[in-house]
Structures are given as C-alpha cells and as structure tokens.
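Results of the structural survey
Here's the letter readout for the chains.
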Amino acid sequence: MTTVYVTKIAWKSEREARFPRKAYSEAARRLLREAVKREYSLDISAYAEKKGANGKPYLEGAPFCFNLSHSGDYVVCALSDREVGVDIEKVRHISEGVMRRFVGNCTESDEENTRLWTRYEAIGKYLGVGIPYGEISDAYFVKEY
C-alpha cells in the first residue's frame, strides 16, 4: 500500500523563500518523520540513511520505501511497502527542446507539459534513475493529484 503526504512550507523569512534548498530539505525530513511515525509507529532515526547505486535515498532495514519531492511552497512524501517514486511541480514553462530531449514530446500548454514532466520524473525516481530519456511505457501505475 502507498500513502502520500503533502505539506505547505511555512517560510521563516523572505531570504529563506528566495534560497529555499535548506528549508526544503528540513521540511521534507520533518514530513518523512511524521509520516513514518503515523503509518508505522517508528522513529526514522533508528535507521541509517543510505543511497542506492544511482543516489536514491533509503533507510537501511526499514520496513517501507519512501520518496520525497518539493516545488514552490510544497513538499510531498510517499511511503510504500515497495519501491515508490513521487514528484510535485509548480506549473511552469519547460522549453520545447528540454521536453523533446527528456520526455519525447511537447505540447502547447505549460500545464500539460508540467504534468508530463512530473509524471516522467516520478517514474524515473521510482526506477532510481532521475529523469529517464524518451518515451516511457504505460506499464507503470501513476496516480495524479
């Protein structure tokens, strides 16, 4: 079973909102800690954080898999009993060249391109490869919110 948690970041300062890297990381860790406590009644500090061959993080010995993402004012965490990939993106313009290079196609709509990009990135994170190049089959279960 897979559970998804989303939270809005409460920026501490205007500077933090302009340079959000640390705040995103802290918010993602807090969300992961809270989700694991709620779903599994476990403390993530009991597990060593490791990285897979392509850099995908995991908690060694944990009875669950997780994936994190952030964009704009939001952070998302997916927990599952099997490998999982999650992505969240603020709607933005993605150039036609980038869309064609990574996703394989491009539309006229920024909303649709962002949706496609988010879908491909979530699948790539599931596979542990980041953004996969080219078309991806429909063999993956994707849930959009």
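Below is a summary of the structure that appears in this document. Everything numeric here is computed off the predicted structure, so don't read it as measured data.

So, on to the environment of valine 103. Note on placement: valine 103 falls in helix H3 (residues 96-103). Given a relative accessible area of 0%, valine 103 falls into the buried group. Placed 18 residues apart in sequence, valine 103 and glycine 85 show a C-alpha to C-alpha distance of 17 Å.

Interaxial distance between H3 and helix H4 (residues 110-127) falls to 11 Å at its minimum, and their mutual angle equals 30°. The crossing of H3 and H4 is left-handed. Counting all contacts with H3, which are made through Val98, Met99, Phe102 and Val103, the residues of H4 involved are Asn113, Leu116, Trp117 and Tyr120. Taken together, the residues of the contact of H3 with H4 sort by class into seven nonpolar, one polar and no charged.

This part takes up a nonpolar patch on the surface. A grouping of Val4, Val6, Tyr74 and Tyr145 is seen on the molecular surface, where their side chains present a nonpolar patch of about 450 Å² in accessible area. Looking at the element boundaries, tyrosine 145 is found in the segment after H4.

Strand order in the open sheet formed by three strands is S1-S5-S4, with antiparallel pairing between adjacent strands. Of all strands in the sheet, those with a lone pairing partner are strand S1 (2-8) and strand S4 (65-71), marking the two edges. For this sheet, the mean angle separating the axes of adjacent strands, direction not counted, is 15°. By the bridge criterion, seven bridges tie S4 to strand S5 (residues 74-80) in an arrangement that is antiparallel. Following the sheet pairing, leucine 68 is matched in S5 by cysteine 77. Where helix H2 (residues 21-40) meets the sheet, its contacts fall on S1, S4 and S5, and the angle it forms with S5 comes to roughly 35°.

Turning to H3, its buried residues are Met99, Phe102 and Val103. What you see down the axis of H3 is that its buried residues fit within an arc of 90°, all on one side.

On to the layout of surface pockets. Of the volumes computed, that of the largest pocket is approximately 930 Å³. Along the walls of the largest pocket sit 32 residues, with Val86, Ala122, Val142, Lys143 and Glu144 positioned nearest its centre. Elements with a contribution of two residues or more to the lining of the largest pocket: S1, S5 and H4. Tallying contributions element by element places H4 first for the lining of the largest pocket, with eight residues. The residue makeup of the lining of the largest pocket, split by class, is 17 nonpolar, five polar and 10 charged.

Parameters and conventions
By convention here, each chain's residues receive numbers from 1 onward along its written sequence. Two thresholds apply to this predicted model, a pLDDT of at least 70 for residue-level local features and 80 or more for giving and counting side-chain atom pairs, whereas whole-chain, interface and lining totals are computed over all residues. With hydrogens and water stripped out, all remaining heavy atoms of the structure feed into the side-chain values. Helix and strand definitions here come from DSSP, where helices need a minimum of 4 consecutive H or I residues and strands a minimum of 2 consecutive E residues; each element is numbered from the N-terminal end. Between buried and exposed lies partly exposed: a residue is buried under 20% and exposed over 50% of the maximum accessible area for its type, with that area taken using a 1.4 Å probe on protein chains only. A fitted line through C-alpha atoms serves as each axis, taken over the contacting stretch for helices, and the angle formed by two N-to-C directions is quoted from 0 to 180°. Should the near helix be turned anticlockwise from the far one by less than a right angle, the crossing is termed left-handed; should it be turned clockwise, right-handed. In this description, contact between two residues means that some pair of their heavy atoms is separated by no more than 4.5 Å. As a working rule, the residues Ala, Val, Leu, Ile, Met, Phe, Trp, Tyr, Cys and Pro are called nonpolar, Asp, Glu, Lys and Arg charged, and the rest polar, with Gly in that last group. Every patch collects residues that have over 30% relative accessible area and no salt bridge, joining them within 9 Å if they carry like charges and within 5 Å if they are nonpolar side chains (Val, Leu, Ile, Met, Phe, Trp, Tyr). The accessible surface values rely on the Shrake-Rupley method and a 1.4 Å probe; as for residues, cover is taken only from the protein chains in view. Any carboxyl oxygen of Asp or Glu within 4 Å of a side-chain nitrogen of Lys or Arg constitutes a salt bridge here. Strands qualify as paired when DSSP identifies two bridges or more between them. Comment: arc refers to directions from the helix axis out to C-beta atoms. Detection works on a 1 Å grid of protein atoms alone, calling trapped sets that fit a 1.4 Å probe cavities and calling open sets with protein on both sides within 12 Å along at least five of seven lines pockets, with lining residues defined by an atom within 4 Å of a point. Grid points are joined across faces, edges and corners, and a volume is the space filled by probe spheres set on the points.

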